[in-house]
Amino acid sequence: MPVTVVVGAQWGDEGKAKVIDLLSKEHTFVVRYQGGHNAGHTVVVDGDKYALQLVPSGVLYEHVIPVIANGVVVDLPTLFSEVDMLESRGISCSELKVSSRAHLIFPWHQAHDAIAEAMRGDDKIGTTLKGIGPAYADKARRVGIRAGDVHDPERFAALIRDRAKAENKLIAEAGGEPLDVEDMVIQFGEMGARLKPYVCDTISLLHNGLANSAHVLLEGAQATFLDLDHGTYPYVTSSNPTAGGACAGTGLGPRHIDRVVGITKAYTTRVGAGPFVTELFDEDGETLGRVGKEFGTVTGRARRCGWLDVVMLRYAVRLNSLTELSLTKLDILDGFETVKICTGYSYRGEEITEYPDRYDVLEEIEPVYIELPGWGTALTEKREPSHLPQEAQDFIRVVEEHVGIPVRVVGVGAERDDYLVWGSE
Ligand code: GDP
Ligand code: IMO
Ligand code: MG
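Every chain's residues receive numbers from 1 upward, in the order its sequence appears when written. Labels follow written order: the first chain is A, the first ligand is 1, and so on. Given that the model is predicted, a residue must reach a pLDDT of at least 70 before its local features are reported, and side-chain atom pairs must reach 80 or more before they are shown or counted; all residues, however, enter totals for whole chains, interfaces and linings. Heavy atoms throughout the structure, all of them, feed into the side-chain values; hydrogens and water do not.

A. Representation of the coordination of the magnesium ion (ligand 3) in the model. Distances up to 2.8 Å from the metal define which N, O and S atoms are donors, and 3.2 Å serves for Na, K and Ca; water is absent from the atom set, so sites may look incomplete. Of the protein atoms, only Asp13 (OD) and Gly40 (O) coordinate the magnesium ion (ligand 3), at distances of 2.0 to 2.2 Å. Of this pair, aspartate 13 sits in the loop between β1 (3-8) and α1 (16-24) while glycine 40 sits in the loop between β2 (29-32) and β3 (41-45), and the two are 27 residues apart along the sequence. We call a residue buried when its accessible area falls under 20% of the maximum for its residue type, exposed when it is over 50%, and partly exposed in between, using a 1.4 Å probe and counting protein chains only. Note on glycine 40: relative accessible area 12%, which makes it buried. A run of H or I in DSSP becomes a helix once it reaches four residues, and a run of E becomes a strand once it reaches two; helices and strands are each numbered from the N terminus.

B. Structural detail: the packing of helix α3 (residues 107-119) against helix α4 (residues 132-140). The axes are straight lines fitted to the C-alpha atoms, using for helices just the contacting stretch, and the angles between their N-to-C directions are given from 0 to 180°. Orientation of α3 relative to α4, taken along the N-to-C sense of each, is 115°, at an axis distance of 7 Å. Crossing of α3 over α4 shows right-handed handedness. Of the residues in α4, those in contact with Trp108, His109, His112 and Asp113 of α3 are Ile132, Pro134, Ala135 and Asp138. Here the residues of the contact of α3 with α4 are counted per class, giving 4 nonpolar, 2 polar and 2 charged. In a left-handed crossing the near helix is turned counterclockwise from the far helix by less than a right angle, and in a right-handed crossing that turn is clockwise. Residues are treated as being in contact if the distance between any of their heavy atoms lies within 4.5 Å. For this classification, the nonpolar set comprises Ala, Val, Leu, Ile, Met, Phe, Trp, Tyr, Cys and Pro, the charged set comprises Asp, Glu, Lys and Arg, and every other residue, Gly included, is treated as polar.

C. Structural detail: the side chain of serine 239. Take serine 239: it is sitting in the loop between β10 (216-219) and α8 (243-248). According to the relative accessible area criterion, serine 239 is buried, its value standing at 5%. Definition of a polar contact: a pair of N or O atoms within 3.5 Å, with one able to donate and the other able to accept a hydrogen when the atoms are protein atoms, and with sequence-neighbouring residues admitted only if both atoms are side-chain atoms. Polar contacts involving the side chain of serine 239 include one to the side chain of glutamine 34, which spans 2.9 Å.

D. Looking closely at the site of ligand 1. Close contacts around ligand 1 come from 20 residues, with Lys16, Gly40, Thr42, Lys329 and Asp331 the closest. The contact in question runs from an oxygen atom of ligand 1 to an N or O atom on the backbone of glutamate 14, over 3.1 Å. At 2.6 Å from an oxygen atom of ligand 1 is found a side-chain nitrogen or oxygen belonging to threonine 42. Here the accessible surface of atoms and residues is derived via Shrake-Rupley with a 1.4 Å probe, and residues count as covered only by protein chains that are part of the display. Protein chains shield 91% of the accessible area of ligand 1, which is 590 Å² for the free molecule. Given that more than half its atoms are within 2 Å of the pocket grid, ligand 1 belongs to the second largest pocket. Residue assignment for the shell around ligand 1 shows that the elements contributing at least two residues are α1 and β3. Split by residue class, the shell around ligand 1 holds 5 nonpolar, 8 polar and 7 charged. Think of it this way: one heavy atom of a residue within 4 Å of a molecule or strand is enough to make that residue near it. Only protein atoms enter the 1 Å grid, on which a cavity is a set of points fitting a 1.4 Å probe that cannot get out and a pocket is an open set with protein on both sides within 12 Å along at least 5 of 7 lines, lining residues being those with an atom within 4 Å of a point. For a molecule to be placed in a cavity or pocket, more than half of its atoms must lie within 2 Å of the grid points of that cavity or pocket.

E. Representation of the site of ligand 2. Contacts to ligand 2 come from 20 residues, most closely from Lys16, His41, Thr128, Gln222 and Thr237. Within the side chain of threonine 237, a nitrogen or oxygen atom sits 2.6 Å from an oxygen atom of ligand 2. Protein contacts shield 97% of the accessible area of ligand 2, which totals 550 Å² for the unbound molecule. The cavity where ligand 2 resides is the largest pocket. Class assignment for the residues of the shell around ligand 2 results in 7 nonpolar, 10 polar and 3 charged.

F. Region of interest: the sheet that holds strand β9 (residues 199-200). A pair of strands is considered paired only if DSSP assigns at least 2 bridges between the two. Within the open sheet, the 10 strands sit side by side as β9-β7-β5-β2-β10-β1-β11-β14-β18-β19. Their pairing is mixed. Edge positions in the sheet fall to β9 and β19 (419-421), since each has one partner strand and no second. Those strands touched by α1 are β1, β2, β10, β11 (257-265), β14 (324-328), β18 (407-411) and β19, and its axis lies near 165° from that of β1.

G. How the structure looks around the pairing of β1. For β1, a buried count of 6 out of 6 residues is recorded, marking the element as mostly surrounded by other parts of the structure. Side chains of β1 alternate between two faces, with Val3, Val5 and Val7 and Thr4, Val6 and Gly8 buried alike. In this sheet, β11 lies alongside β1 in parallel orientation, the contact comprising 6 bridges. In the strand pairing of β11, valine 5 is matched with valine 260. For β1 and β10, the ladder comprises 4 bridges, and the chain directions are parallel. Of the residues in β10, the one forming a bridge with valine 6 is glutamate 219.

H. Unusual backbone geometry, seen in detail. Here tyrosine 233 and proline 234 are connected by a cis peptide whose omega angle stands at 5°. Tracing the backbone shows proline 234 in the loop between β10 and α8. Even without being a glycine, aspartate 13 presents a positive backbone phi close to 60°. Under the relative-accessibility criterion, aspartate 13 is labelled partly exposed at 23%. Despite not being glycine, serine 213 shows a phi value in the positive range, around 70°. With respect to the helices and strands, serine 213 occurs in the loop between α7 (202-211) and β10.

I. Quick peek at the packing of aromatic side chains. Think of it this way: a Phe, Tyr or Trp ring, Trp meaning its six-membered ring, pairs with another when their centres are within 6.5 Å, and the plane angle makes it stacked under 30 degrees, edge-to-face over 60, tilted otherwise. Under the definition given, this model contains 11 aromatic pairs. Ring geometry for tryptophan 11 versus phenylalanine 276: centroids 5.1 Å apart, planes at 55°, classification tilted. Of this pair, tryptophan 11 sits in the loop between β1 and α1 while phenylalanine 276 sits in the loop between β12 (267-270) and α9 (283-291); the two residues are 265 residues apart in sequence, bridging distant segments of the chain. Accessibility classification places tryptophan 11 together with phenylalanine 276 in one group, the buried group. With a centroid separation of 6.1 Å and 55° between ring planes, the pair formed by tyrosine 345 and tyrosine 355 is classed as tilted.

J. Geometry of the nonpolar core. By size, the foremost hydrophobic cluster in this structure holds 72 residues, and its most contacted members are Val216, Leu218, Leu330, Leu333, Tyr345 and Phe395. Throughout the structure description, domain borders are defined by an automatic or database domain assignment. If you count residues domain by domain, this core takes at least three from each of domain 1 (3-102 + 202-258) and domain 3 (264-421). When sequence neighbours within four positions are dropped, the list of residues in contact with leucine 333 reads Ala266, Tyr267, Leu288, Trp307, Val339, Trp375 and Phe395. Core analysis: the second largest hydrophobic core is formed by 43 residues, Leu52, Val74, Val83 and Phe156 among them. Among buried residues, the Ala, Val, Leu, Ile, Met, Phe, Trp, Tyr and Cys ones that are joined through side-chain atoms within 4.5 Å form a nonpolar core.

Below, the structure is given as structure tokens:
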């Protein structure tokens, strides 16, 4: 398996990092391919929590070379505070690589993110306000500043100065507070110098690694239904988390990829605005949020919660060519007498089989549920499929049957080792 992609199959926070941590054992390169510090990827090792926003989740292993590839937008203050945090905890980041083609985030991107959200009034996206959308917009407008630009400090300073002045005009017009240009030039000049040793051509690095039989793990951030093209637009992020984005975001061709792992919780959550067919507003939703500790790693916002939606997962299989699922947080359902799975959609009395392409339609969809008995047993200590109560085994089989691909890893707790391997073939 030379190249494996891990992609969120829902709206993010599915537990991708925990699965990446597990798969990192057998990979040399662990590569972030899109998004930025809007991601919050959590790995828990012996009670110690590592919450990563930019550094790939494989960093916790000494043998792993963590790579931030060309498709990522990089916030330098966050990157360095993360490197400092990891190194202070004994995790070396000396092997970290940052693509010379990766675009950098600047304070004006954060200012524009806040202005755009304020201008939407009651119709906010609910972004993380990290400047992700504006940074990708600048990339598309061809005015972005890239990591490789730090190689020439004078040019880097001139690029920042020019852009900052232009952006300040727009910020002032929108009623925002203009940024201190010269202060920014100094601060980013210093960070640029610190970035320099990490910057390289990650495309050659990865291709040469593959030529030498290295295994490469591509770490998706966000998720399928936050994808700019395929998600619930406009309530999406500004990149392509889907598996196709992994090719564009790393410079690896599609034929390199032979395994695509979709990560889904055993229920569904979403942070920020946008349609959510199985969202619960009752006690069950409250229980999922409380037991599942559903608060955003990055923003601390409460995540919206609902039952598992396999219509979404079937669509995620198509969009990503998923070869298998990891089903996380099954333990969060332990206390329910019965659990539900949405297996179909109904729109104005008609059954719908395809995932709707319009969010206004999605907002009117009625979920069609099947109800299964709960298991009333704590799963966290379980390590073998046969040790799971029959009801939990049935839940997994129903998911496999309705989604049409096998479940391989089942998450039963937050700790690194709280999982079991379900299928082996
Ligand atoms: P990511 O963004 O997809 O990497 O996911 P996050 O790290 O944002 O959120 C997942 C949360 O669930 C984290 O707090 C994880 O520690 C936790 N988690 C992951 N898998 C499991 C699991 O199987 N059971 C439980 N109880 N927690 C889990
Ligand atoms: P991980 O990688 C969950 C959501 C935001 C908002 C929308 C757009 O941890 O799964 P943005 O700041 O990207 O422009 O916000 O996307 N969002 C996430 N939700 N997990 C994430 O990342 C997210 N990254 C962005 O809440 O609704
Ligand atoms: Mg997260």
